[in-house]
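The primary structure of each chain is shown beneath.
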Amino acid sequence: MTIITDEKCTGYSRFGHPERPARITATVEQLKSQNEIPIEWISPTKISDKQILRAHSPEMLARLKIPQDFDADTPYFENISDFARASATAALDALKFLRAGENIFSLMRPPGHHATREKSMGFCYLNNITIAALEALATGTKKIAVFDFDVHHGNGTEDILLDREGVAFFSVHQFPAYPGTGEKNRGENCFNYPVAPSAPREIYRAALARALDDLKNFSPELIAVSAGFDAYARDPLAQGTLLAEDFHWLGKELRALKIPFFSLLEGGYSRDLPGLIFGYIKGVDGK
Ligand SMILES: [Zn+2]
């Protein structure tokens, strides 16, 4: 198992904001103190504007340098442009390592799946997963799926991928919930699996299983996974009902598809996040 992270991604925070540095530091600590699975640690490399601009407008990229909050959830931070670029870089590196045959997880912040083509929002500044998916399509992959199990709808991912050739988006999320989208399928290639707030765990798991079945039928060459851990029953931001073992199950189910995949951290705000990630990557690693 290879994990991409960088201690620099903990270099911004706002007091009381749930998307906080401890999400990463506590997870690194837990993963480094275990010996069930060997982990190779690497840092993100480099990204070009051209790679970012497949997913975003030039205005949006320029806006990252203007010192003004993006919305109430999404503050401006000094150097947020660099932090966002590093997280997107890790997504591109994840693709590279996947193509080299590695099991790979990007443990970075900020997350990305709410950032639309034109707008940073919902703790997200650049849409990491679509930057990687569009890079894959631009460099030889003919068919890619994005699977998003964050409890919130990946509205930004949908916005960027809607009706793009060669890619399909499968999102399982709570509805209604932030950001208010994701009730129905959109276009030819965006498939939404809404789950009611506080729906029983079996219902949530059934929606995940259905999405994975549909994804399999799309028969992609590879899968980019938006791995959010906030559908967990004790997460403070939503009313999901999944237990720790369900994230392990998800890792195993993805592996069982026998389609190469890489995963990027999206949300997940409970104190148990490190254990949830550990369970998931154990599943990914076949344990
Ligand atoms: Zn979320």
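What this report covers is the structure whose coordinates are included nearby. The structure presented is a predicted model; accordingly, all values stated were derived computationally and were not measured.

**Observations concerning the overall build of the protein**
Here's step 1: Along the backbone of the protein there are nine helices and eight strands.
Here's step 2: The C-alpha atoms of the protein give 17 Å as radius of gyration, which agrees with the globular expectation for 287 residues (19 Å, within 12%).
Here's step 3: Projected onto the principal axes, the alpha-carbon positions of the protein cover approximately 45 × 45 × 40 Å.
Here's step 4: Counting over 287 residues, the protein shows a buried share of 58%.
Here's step 5: Total accessible area on the protein is roughly 11700 Å²; 50% of this is exposed by carbon and sulfur atoms.
Here's step 6: Side chains of the protein give 32 positive and 37 negative charges; the mean places of these two sets differ by 3 Å.

**A look at the environment of A196**
Here's step 1: When you line up the elements, A196 lands in the loop between strand 6 (190–195) and helix 7 (201–218).
Here's step 2: You can call A196 partly exposed: its relative accessible area is 45%.
Here's step 3: Counting along the chain gives 44 residues from A196 to G240, while the straight-line C-alpha distance between them is 8.6 Å.
Here's step 4: When sequence neighbours within four positions are dropped, the list of residues in contact with A196 reads Q174 and F175.

**Structural notes on the coordination of the zinc ion**
Ideal coordination angles are 109.5 degrees for a metal with four donors arranged tetrahedrally and 90 or 180 degrees for a metal with six donors arranged octahedrally.
Here's step 1: Each protein donor to the zinc ion is listed here as D150 (OD), D150 (OD), H152 (ND1) and D230 (OD); together their distances run 2.0 to 2.8 Å.
Here's step 2: In this structure, the zinc ion is coordinated by four donor atoms arranged in irregular fashion, with angles at the metal of 52 to 154°.
Here's step 3: Donor residues for the zinc ion, ordered by position in the chain, follow D-x1-H-x77-D. Separated by 80 residues along the polypeptide, D150 in the loop between strand 4 (144–148) and helix 6 (155–161) and D230 in the loop between strand 7 (222–227) and helix 8 (244–256) bring together distant segments of the chain.

**Regarding the packing of helix 8 against helix 9 (residues 273–284)**
Here's step 1: At a closest axis distance of 7 Å, the pairing of helix 8 and helix 9 adopts a crossing angle of 25°. One way to sum up the angle between helix 8 and helix 9 is to call them roughly parallel. Taken as a pair, helix 8 and helix 9 cross one another with a handedness that is right-handed. Mapping the contact onto sequence places A244, F247, H248, L250, G251, K252, L254 and R255 in helix 8 and L276, G279, Y280, K282, G283 and V284 in helix 9.
Here's step 2: Among the residues forming the contact of helix 8 with helix 9, the class breakdown is seven nonpolar, four polar and three charged.

Rules behind the numbers
Residues numbered from 1 in each chain as written. Predicted model: local features only at pLDDT ≥ 70, side-chain atom pairs only at ≥ 80, totals over all residues. Heavy atoms only, no water. Helix = DSSP H or I, 4+ residues; strand = E, 2+ residues; numbered from the N terminus. Rg over C-alpha atoms; globule rule 2.2 N^0.38 Å. Buried < 20%, exposed > 50% of the residue type's maximum accessible area, 1.4 Å probe, protein only. Areas by Shrake-Rupley, 256 points an atom, 1.4 Å probe, with all protein chains shown as cover. Lys, Arg positive; Asp, Glu negative; His and termini not counted. Charge placed at Lys NZ, Arg CZ, Asp CG, Glu CD. Contact = heavy atoms within 4.5 Å. Donors = N, O, S within 2.8 Å, 3.2 Å for Na, K, Ca; no water. Tetrahedral: all angles 85-135°; square planar, octahedral: opposite > 155°, others 65-115°. Axes fitted to C-alpha atoms, helices over the stretch in contact; angles between N-to-C directions. Parallel < 35°, antiparallel > 145°, perpendicular 65-115°, else oblique. Left-handed = near helix turned anticlockwise from the far one by under 90°. Nonpolar A, V, L, I, M, F, W, Y, C, P; charged D, E, K, R; others polar.

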